[in-house]
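# Geometric and topological summary
If you want the building blocks of each chain, they are given just below.
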Amino acid sequence: MTETAIRTGFLGITEKAREMIQILESLKAFTITAISDKDIETAAKIAKRFDSCNAYDDYRQMVMQNELDLLIISEPIYDSIEHIRNAF
């Protein structure tokens, strides 16, 4: 049986998100494929740590352009509710 890594994206980079990224980075079951933040430099800096991971400053585009199995939202709900709806 082949196991496929869980394609994971992060919407918003907070301190808690950074901690979660470090944890998931050490687990083979997860592949971080998309990172988004309002500050593209922050997103790009983290994304380049991973193979085939893209950085975004547009949350909507991140959700629409990636087939994610898991979307971790660390942005305040009032900043991201429309993007959460798009993800569903």
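Below is a summary of the structure that appears in this document. Please read these numbers as outputs of a predicted model, since none were measured by experiment.

### Notes on the side chain of Thr33
The topology assignment puts Thr33 in strand 2 (residues 30-36). Judged by its relative accessible area of 14%, Thr33 is buried. Residues within four places of Thr33 in sequence aside, it is in contact with Arg7, Thr8, Ser52, Cys53, Asn54, Asn66 and Leu68.

### As for the pairing of strand 2
With respect to burial, strand 2 is a largely interior element, five of its seven residues being buried. Relative to strand 2, strand 1 (residues 6-11) runs parallel, the two sharing six bridges. Across the sheet, Ile6 pairs through a bridge with Phe30, a residue of strand 2. At this point the chain moves from strand 1, through helix 1 (residues 15-25), to the parallel strand 2, and the crossover so formed is right-handed.

### What to know about unusual backbone geometry
One non-glycine residue, Ser52, lies in positive phi territory at about 55 degrees. Within the element layout of this structure, Ser52 appears in the loop between helix 2 (40-47) and strand 3 (54-56).

### Considering the pattern of salt bridges
Using the criterion set out here, one finds four salt bridges in the structure. Its salt-bridge partner being Glu25, residue Arg49 comes within 2.7 Å of it at the nearest N-O pair. With Arg49 in the loop between helix 2 and strand 3 and Glu25 in helix 1, this residue pair connects regions lying 24 residues apart in the sequence. With a relative accessible area of 40%, Glu25 lands in the partly exposed category. Residues Glu75 and Lys38 are paired through a salt bridge, measuring 3.6 Å at the closest nitrogen-oxygen approach.

### Some words on the side chain of Thr8
If you trace the backbone, Thr8 turns up in strand 1. Classification of Thr8 as buried rests on a relative accessible area of 0%. Looking at Thr8, its side chain comes within polar contact range of the main-chain oxygen of Ile6, at 3.0 Å. Among residues more than four places away in sequence, those in contact with Thr8 are Leu24, Phe30, Thr31, Ile32, Thr33, Ala34, Leu68, Leu70 and Ile72.

Calculation criteria
- Residues numbered from 1 in each chain as written.
- Predicted model: local features only at pLDDT ≥ 70, side-chain atom pairs only at ≥ 80, totals over all residues.
- Heavy atoms only, no water.
- Helix = DSSP H or I, 4+ residues; strand = E, 2+ residues; numbered from the N terminus.
- Buried < 20%, exposed > 50% of the residue type's maximum accessible area, 1.4 Å probe, protein only.
- Contact = heavy atoms within 4.5 Å.
- Pairing = 2+ DSSP bridges.
- Right-handed = clockwise from strand over helix to strand, strands pointing away.
- Salt bridge = Lys/Arg side-chain N within 4 Å of Asp/Glu carboxyl O.
- Polar contact = N/O pair within 3.5 Å; in protein donor to acceptor, adjacent residues only side chain to side chain.

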